[in-house]
Amino acid sequence: MEGFTHPSDADREFRELRRRAYGPDPDISVDPPALARLRDLEAATRADISSPPVASASESAPDSDAAADAASIEHPLPKWSRLGWVGGALVLAVGIIMTILMLSAPRPEATLYPTRAAVDDQVRELVEGVPMLLVEASTLRGYGSYLGLEIWSGVDRFDAPCLVAIHRASGNLSKARCAPAPADLIMDVASSGDGFEGFEGRSGDGIIRFILRDDKVDAYVYLMPEEG
């Protein structure tokens, strides 16, 4: 057809490189040789053409947008990098939530650690005097006293860990609890009964919850204040 010329290989290459640089899905930034080739062709085009042709309205808008965004398109943010930012934000959010939950969880009022206290006759008699308890006195380990209660841990005949609370002043075994691992070993001691009323130094009715965790015992106090 008259007036129509086939584009040369250089023209096709130039158009393809421009599409890769300024098109809807630019990828030339990850291909340094192609980017260098595009710059050489653009420099040659500017040198050869003294006055650039006037583009039609349909062509000028994409070219002007591409020129305005050329600097940002030169090094576009890879998709994997955007995914990395999203993943990092999710990890940060999860960390914040876990921190809030940890800070809002109840904290023990006291933590008891093992002592070198020996098992005396009173402790042995109180523990072995409960037939259903089946705790071996030789396995008892003391954790000291808290609010008038002596706390001991031991092992029953089924190898389950146990907690024992002894009230020395009344000479009673106030509470004992065993739980097979890996269940949590929790022992609640009420503020009334077993020969004593109220905890030493604390007023109000309620309980002390003792929880055996590894090599320590955490104590939580839940008391209702007395009516004034």
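Residues numbered from 1 in each chain as written. Predicted model: local features only at pLDDT ≥ 70, side-chain atom pairs only at ≥ 80, totals over all residues. Heavy atoms only, no water.

(A) Layout of the environment of Ile151. Looking at where Ile151 falls in the secondary structure, it is placed in strand S3 (residues 149-155). Given a relative accessible area of 1%, Ile151 falls into the buried group. Sequence spacing of Ile151 and Pro114 is 37 residues, and the spatial spacing of their C-alpha atoms is 9.6 Å. Non-local contacts of Ile151, meaning those with residues more than four positions away in its chain, are made with Leu112, Arg141, Gly142, Tyr143, Gly144, Leu163, Val164, Ala165, Met187, Phe210 and Val217. (Helix = DSSP H or I, 4+ residues; strand = E, 2+ residues; numbered from the N terminus. Buried < 20%, exposed > 50% of the residue type's maximum accessible area, 1.4 Å probe, protein only. Contact = heavy atoms within 4.5 Å.)

(B) Main features of the pattern of salt bridges. In total, this model carries 13 salt bridges according to the counting rule given. Ionic pairing is found between Arg19 and Glu16, a salt bridge with its closest N-O pair at 2.7 Å. Of this pair, Arg19 and Glu16 are both found in helix H1 (residues 9-22), three residues apart, which corresponds to roughly one turn of the helix. What makes Glu16 partly exposed here is its relative accessible area of 36%. In this structure, Glu42 and Arg18 form a salt bridge, with 3.7 Å as the shortest nitrogen-oxygen distance. Of this pair, Glu42 sits in helix H2 (residues 32-48) while Arg18 sits in helix H1, and the two are 24 residues apart along the sequence. Overall, the relative accessible area of 15% leaves Glu42 in the buried class. When its relative accessible area of 29% is taken as the criterion, Arg18 is described as partly exposed. Bridged by salt links that share partners, the residues Arg20, Asp27 and Asp31 form one connected network. (Salt bridge = Lys/Arg side-chain N within 4 Å of Asp/Glu carboxyl O.)

(C) Structural context of the nonpolar core. Core analysis: the biggest nonpolar cluster contains 20 residues, and Tyr146, Ile151, Leu163, Ile208, Phe210 and Val217 have the highest contact counts within it. Secondary structure elements with two or more residues in this core: strand S1 (110-112), strand S2 (141-146), S3, strand S4 (161-167), strand S6 (185-190), strand S9 (205-213) and strand S10 (216-224). For Leu163, the residues in contact, after removing those within four places along its chain, are Ile151, Trp152, Ser153, Lys175, Ala176, Arg177, Leu185, Met187, Phe210, Ile211, Leu212 and Val217. If you look at the next biggest cluster of nonpolar residues, it comprises twelve residues, including Val123, Leu126, Ala137 and Trp152. (Core = buried A, V, L, I, M, F, W, Y, C linked by side-chain atoms within 4.5 Å.)

(D) Structural detail: the confidence of the model for the protein chain. The predicted model of the protein chain averages 78 in pLDDT, with 68% of residues at 70 or higher. Confidence drops under a pLDDT of 50 for residues 1-5, and excluding neighbours within four residues, the segment shows zero contacts in the predicted structure. (pLDDT = per-residue confidence, 0-100.)

(E) Up close: the state of the cysteines. Evaluation of the coordinates by the stated rule reveals one disulfide. One disulfide bridge connects Cys162 with Cys178, the sulfur atoms lying 2.0 Å from each other. Because the torsion about its S-S bond is 105 degrees, the bridge between Cys162 and Cys178 counts as right-handed. One end of the pair, Cys162, is in strand S4; the other, Cys178, is in strand S5 (residues 172-178), with 16 residues separating them in the sequence. (Disulfide = S-S within 2.5 Å.)

(F) Highlighting the sheet that holds S5. Strands sit in the order S2-S3-S4-S5 across an open sheet of four strands; the sheet is antiparallel. The open sheet is flanked by S2 and S5, the only strands paired with a single partner. Going across the sheet, the axis of each strand differs from the next one's by a mean of 20 degrees, ignoring polarity. (Pairing = 2+ DSSP bridges. Axes fitted to C-alpha atoms, helices over the stretch in contact; angles between N-to-C directions.)

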